[in-house]
Amino acid sequence: MIRKSESKLVEKLFIFEFFQGAAIAIFFTTAISIFLERKPTSELPVVFIISAILLWIFGFIYSKLENKLPFRSVILTVLIFNLSVIVLFRLLMQYQSESWFLFLFISFFNVLYLLNNLEFWGLSALLFDVRQSKRLFGIVSAGDVPAKMLGYLTALIMIPYIGTANLLWVAAILMSIAFFIFKPLMAIANVDKLDKPSSHHHATFSFKTIALAFKVNPLIRKIALVSFFSFTCLITVTYVFYGYVKQEFENDKELAAFFAIFFAIVRGITLVIKLAGTNRLVNKIGLQKSLVLTPVLLFFLCLPALYFSGQDNFINTFYMFGVVAVMLEVLRSAILTPVLLASMQPLPTHQRLRGHTIIKGFMDPVAFFFTGIVLLILPRVEGKVDFSLVSLFLLLMIIGWIYFSLTVEKDYIETLKVAVRDRTLNARDISISDKDSLSYLMNRLITGSEKEVISVLQLVSSQPEYNKEFLEKALHHNSANVQLYALNVVKLQKATELLPQVKDVLKATEDKRVLSQVIGTVSAIAPKEDLSEYINHPDPEVSQSATLALLFQSDLKTDKKAESELEKLLASADSKDRINALKIAGELNSFAYSSKVVEMMQDPSPGVKQASRMAAAKIGTAELINVLLLEFASTNNDAEVLQALASGGPSAVAGIKDFLFKQKCNGTKCRKLVSLLGKMGGSESVKLLEECLRRFPENANTILLSLHQANIKSSESEEQYLLTIRENLVAASHMLFKIQFARQHKTHQIISRALELELLGIRNKCLWLFSFLYDSDKIKRAQIGFTLNTKESVANALELISVTVPKEFAVSFSIIYENATIDDKCMQLKKSIHPPLLSDAALVKNILFDVDYVFNNWTKSCVLYSLAENKIDVNFEFIEPFRSSENKVLKNTADFLVEKYALN
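Here is what the cut-offs are and how they apply
Residue numbering note: each chain is counted from 1, following its sequence as written. With the structure being a predicted model, the display of local features is reserved for residues of pLDDT at least 70 and the display and counting of side-chain atom pairs for 80 or more, all residues being used for whole-chain, interface and lining totals. For side-chain calculations, the full set of non-hydrogen atoms in the structure is used, while hydrogens and water are omitted. Put simply, DSSP H or I for four residues or longer makes a helix, DSSP E for two residues or longer makes a strand, and each gets a number counted from the N terminus. Each residue is placed in one exposure class: buried if its accessible area under a 1.4 Å probe, protein chains only, is under 20% of its type's maximum, exposed if it is over 50%, and partly exposed if it falls in between. In this description, contact between two residues means that some pair of their heavy atoms is separated by no more than 4.5 Å. Note that accessible areas follow from Shrake-Rupley with a 1.4 Å probe, and for residues the cover is restricted to the protein chains shown. Only Phe, Tyr and Trp rings are paired, with Trp represented by its six-membered ring, and only when their centres lie within 6.5 Å; those with planes under 30 degrees apart are stacked, over 60 edge-to-face, the remainder tilted. Here, a charge over a ring means that NZ of Lys or CZ of Arg falls within 6 Å of the ring centre while also lying within 35 degrees of the ring normal. Expected span of a helix: the number of residues minus one, times 1.5 Å. This arc is built from the directions going out from the helix axis to the C-beta atoms. By convention a nonpolar core is built from buried Ala, Val, Leu, Ile, Met, Phe, Trp, Tyr and Cys residues, the set being connected through side-chain atoms within 4.5 Å. A domain assignment, automatic or from a database, supplies the domain bounds used here. Note on method: axes are straight lines fitted to C-alpha atoms, helices fitted across the in-contact stretch only, with angles between N-to-C directions ranging 0 to 180 degrees. Geometric relationships in this document are graded by angle, where less than 35 degrees denotes roughly parallel, more than 145 denotes roughly antiparallel, 65 to 115 denotes roughly perpendicular, and other angles denote oblique. Under this grouping Gly is polar, as are all residues other than the nonpolar Ala, Val, Leu, Ile, Met, Phe, Trp, Tyr, Cys and Pro and the charged Asp, Glu, Lys and Arg. What makes a salt bridge here is a side-chain nitrogen of Lys or Arg within 4 Å of a carboxyl oxygen of Asp or Glu, nothing more. Nonpolar side chains (Val, Leu, Ile, Met, Phe, Trp, Tyr) are joined into patches within 5 Å and like charges within 9 Å, using only residues with over 30% relative accessible area and no salt bridge. The predictor attaches a confidence to each residue, and that confidence, scored 0 to 100, is pLDDT. Left-handed describes a crossing whose near helix is turned anticlockwise from the far helix by less than a right angle; the clockwise case is right-handed.

Caption draft 1: Spatial organisation of the overall build of the chain. Per the secondary structure count, the chain includes 41 helices and two strands. Counting only residues that meet the buried cut, the chain has 54% of its 904 residues in that class. Counted over contacts in the chain with a minimum sequence separation of 6, partners at least 24 positions apart contribute 75%. Working note: accessible area of the chain is about 41,200 Å², and carbon and sulfur atoms make up 58% of it.

Caption draft 2: View of the packing of aromatic side chains. All told, the structure shown has 34 aromatic pairs when counted by the stated rule. Each ring, one from Phe58 and one from Phe108, has its centre 5.8 Å from the other, and the planes form 70°; the classification is edge-to-face. In this pair, Phe58 is assigned in helix α2 (residues 44–68) and Phe108 in helix α4 (residues 99–127), connecting sequence segments 50 residues apart. Exposure remark for Phe108: the relative accessible area of 12% places this residue in the buried category. The interplanar angle of 40° and the centroid separation of 6.1 Å between the aromatic rings of Phe370 and Phe393 together place this pair among those described as tilted. Here Phe370, found in helix α13 (residues 349–377), pairs with Phe393, found in helix α14 (residues 387–422); they are 23 residues apart in sequence, far enough to count as distant. You can call Phe393 buried: its relative accessible area is 7%. Among the aromatic residues, ring-to-ring pairing joins Phe27, Phe58, Phe81, Phe89, Tyr95, Trp100, Phe101, Phe105 and Phe108 into one connected group. One Lys or Arg, Lys669, reaches over the ring of Phe632 and ends 4.6 Å from the middle of that ring.

Caption draft 3: Focus on helix α35 (residues 791–804). With 14 residues, α35 ought to run about 20 Å at 1.5 Å a step, and its terminal C-alpha atoms sit 20 Å apart, in line with that. Residues of α35 that are buried: Ser793, Val794, Ala797, Leu798, Leu800, Ile801 and Thr804. Projected onto a plane normal to the axis of α35, the buried residues spread over an arc of 155° and lie on a single side. Residues of α35 that are exposed and point over 90 degrees away from its buried face: Lys791, Glu792, Asn796 and Glu799. Looking at the buried side of α35, the elements it contacts are α33 (749–773), α34 (776–788) and α36 (807–817).

Caption draft 4: Examining the nonpolar core more closely. In this structure, Phe27 and Ile519 are the most contacted members of the largest nonpolar core, which totals 171 residues. Each of two domains, domain 1 (8–186 + 218–419) and domain 2 (429–536), supplies a minimum of three residues to this core. Residues contacting Phe27, with those up to four places away along its chain left out, are Val85, Ile86, Phe89, Phe105, Phe108, Phe109, Leu112, Leu168 and Ala171. Judged by nonpolar contacts, the second largest core, of 107 residues, contains Ala615, Leu645, Val686 and Met735.

Caption draft 5: Seen up close, helix α26 (residues 622–634). Between its first and last C-alpha, α26 extends 18 Å over 13 residues, near the 18 Å set by a 1.5 Å rise per residue. Buried within α26 are the following residues: Leu624, Ile625, Leu628, Leu629 and Phe632. When α26 is viewed along its axis, its buried side chains cluster within an angular range of 135° and face the same direction. Facing away from the buried side of α26, by more than 90 degrees, are the exposed residues Ala622, Glu623, Leu630 and Ser634.

Caption draft 6: Looking closely at the packing of helix α16 (residues 450–460) against helix α18 (residues 480–493). With their axes 9 Å apart at the nearest point, α16 and α18 run at an angle of 10° to one another. Taken as axis vectors, α16 and α18 run roughly parallel relative to one another. Mapping the contact onto sequence places Glu450, Val453, Ile454, Leu457 and Gln458 in α16 and Asn481, Val482, Tyr485 and Ala486 in α18. Broken down by class, the residue content of the contact of α16 with α18 amounts to six nonpolar, two polar and one charged.

Caption draft 7: Just the pattern of salt bridges, in detail. Enumeration over the complete set of coordinates arrives at 14 salt bridges. Between Asp603 and Arg578 there is a salt bridge, with its nearest N and O atoms 3.2 Å apart. Taken together, the positions of Asp603 in the loop between α24 (594–600) and α25 (606–619) and Arg578 in helix α23 (residues 575–588) put the pair 25 residues apart, joining distant regions of the chain. Like Arg578, Asp603 is buried. The partner of Glu756 in a salt bridge is Arg743, with the nearest N and O atoms 2.6 Å apart.

Caption draft 8: Inspection of a nonpolar patch on the surface at higher detail. On the surface, Ile53, Trp56, Ile57, Phe60, Ile61, Phe369, Ile373, Leu376 and Ile377 cluster together to form a nonpolar patch covering roughly 780 Å² of accessible area. Listing elements by their share of the nonpolar patch, those giving two or more residues are α2 and α13. With five residues, the single largest contributor to the nonpolar patch is α2. Here Trp56 lies in helix α2. A relative accessible area of 33% places Trp56 in the partly exposed class.

Caption draft 9: Spatial organisation of the side chain of Asn82. Structurally, the position occupied by Asn82 is in helix α3 (residues 71–91). Residue classification places Asn82 among the buried residues on the basis of a relative accessible area of 0%. Setting aside residues up to four positions removed in sequence, Asn82 forms contacts with Leu112, Leu115, Asn116 and Met175.

Caption draft 10: Structural view of unusual backbone geometry. Of note, the phi angle at Asp850 is positive, near 55°, even though the residue is not glycine. In this fold, Asp850 is placed in the loop between α38 (840–848) and α39 (857–869). Among the residues examined, Asp850 registers a relative accessible area of 26% and is labelled partly exposed. The backbone of Asp852 shows a phi angle near 65°, a positive value even though the residue is not glycine. With respect to the element layout, Asp852 can be found in the loop between α38 and α39.

Caption draft 11: Structural context of the confidence of the model for the chain. Per-residue pLDDT for the chain averages 77, and the proportion of residues at 70 or more is 80%. Across residues 129–141 the pLDDT falls below 50, and counting only partners more than four positions away or on other chains, this stretch makes 36 contacts in the model.

Caption draft 12: Structural context of the packing of α35 against α36. Interaxial distance between α35 and α36 falls to 9 Å at its minimum, and their mutual angle equals 170°. Considering their axes alone, α35 and α36 lie roughly antiparallel with respect to each other. Seen along the crossing, α35 lies across α36 with a hand that is right-handed. Side by side, α35 and α36 meet where Val794, Leu798, Ile801 and Ser802 of the first sit next to Ala810, Phe813, Ser814 and Tyr817 of the second. The residue inventory of the contact of α35 with α36, partitioned by class, reads six nonpolar, two polar and no charged.

Okay, here's the thing in structure tokens:
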């Protein structure tokens, strides 16, 4: 089900890509028709080589734009470029007899197609998270097929009226329509406030990165080679087929009409096969058979085609190669490409993204270049292409395709095995549903270690259509922890169809933890089930689960029985009974027990006290949270109160907010609560931490660390983070000039060292903020590099920053924190900023009164101490506020300064 907010976005994105796809289809129809009218097919290998070179060049240019420009500007640049290319070639049509024009004309189709693909997948990765993409990518990308059908059919209809060359004006009009959709799409998508896709989903990678992934990872290597051989076969079949097409049709209009009909049929068949459910086919026959299906069919279809080509039977050969071309185009689009992408799902996210890049952006140009070279150097007979040699080359490529398709499964299973063992599979990111993978996962569930089994359950639990059989096996597993995990999944998914198996566990288990969990699961999926026999169970956890289950049931008599039992437990002389009762009261989340919970906070038993705190936090009324915070403020041993507040989750946040704001986020207690918010996570905690960051910037280090613990990537406050980064980098630049000034005066050496610590603090803050907005893995590696603090590690860290963070921040950050002297850094900074005007008095006032940056109390204490030690004249009106500071070090230093001057 698509939500309304997503529906408008998907609709606009679909239309945006639809018109671009139609325009590019018309461009191709025009280019190939004019080329084949004027050039023999023997010249096509030159086109393949030029295409490869252009694809590498424009892929490189796109990667640079992607890293340097806002993504809105990248999309607009691609639109303008593609439209300009279409219009330019129409204006240059007078040169259509020239070789340079024809070669560039047909080659630039591949450039337009590449840029359109990079723009589309980059924008999609930016707009949708992985879970959304599973639902929406297929819908949006499905527009490619009808878009091309529209383009080809439009060409077919318009050719008799306007001619082939003027089809480019139609393509330009369709591309222009995308401009009108661009602005509303950007408004709905709110792209300006989103992160660059290059931060998370690079559409392009460096050649060094690609080569490393190709060399180190056997699965990526095999999949890339399958893609290479398949595309080489497609190019070769196309080459042969175009040769026969050229012989059949005489002019560009006939060629354009044929290609329009041919490719419209191809796209139509592709659409039908996709709608028929290629995923179901893949799931049924498995990955390996799906990979081998296309090359095997191609092999057997090529044999009669090659036979007819040797018989000089033009008509039969023409139709046979037409069938081969259709089959290859359709199966490669509908089955092979999705299966190749699915084969990389067990890989870690960054390797999977590199694999996608290798398949889509690197192997295609390689295949173009390789095929072009081979077809150029093949011997010719009387100046004509020897199709028997081309056919032999095609058969060799098909055999290579089949061989590497057969070897993929072994590496796929090995990768899946490692992912299950190391628990690196993220159910949010992938969806494994093919027969071979599910068979392997079932085998690991039966024979694997406890950790492997739980990893398998984590993966399949996100796919309810496949998990019933897995959960059945897990419910009867010999590990209690596996049973507990399976029971929890059944409970969360309300899997009522598994009630018989759950009741079997209820009757058979002797493990008290499992019994307690299974009672809760039965209660959740079968609320009418009678569980009253377990209320008086000797194990307190089992009794608690039964009582809680019965209290939630609708049967009034049963409710009264359970309530009576709960009241009895609360009044019991046995502390274990009271603890058990408090746990139930907390789970019920009922205000009715609030007064009793407060009363039991004074219980002489420490266990009962802690149970009452936990119950108070879970019930979560403002009164109960305030009681907990009053205890927290008045006791030194506050760990148990913090534990209770953590269990309260969002209900505790409002009370914590009041406490932090009253204390101005100062002191040890506030730091503990800030840290607690990070551990709790959730949107409410993050909002409060971000508000604290705005109101109390002097505590940014503690708050940012907590935000990092909350595992945020970006939020509604992204603009706040960007502003904070800019302010901190400006402050760091000014800090360098302050350090330079302080070092030049012997009386300020202690200030200089304090400012150096401030500079390191700013670095850490910026790194935390970078990790929220950009590639957190790379930023973490950069943090490690700075921590090691060697020349090489710092250089590597700065390199990571330069490729991950926008240039706006990366340049100044690198200057400030590179391994260079302060003087050299200041000289570099003077090229882009005005240095602050500094004097002894200005330096002191800037620090004490937080000019352009909120300084730490320690730094201010160092300034006051420096004034005292060096007997610098000072206006005591400036010092007086610090004598009332809540920070003891700052207060004592201010008192020391005043006393020292008083003695003198």
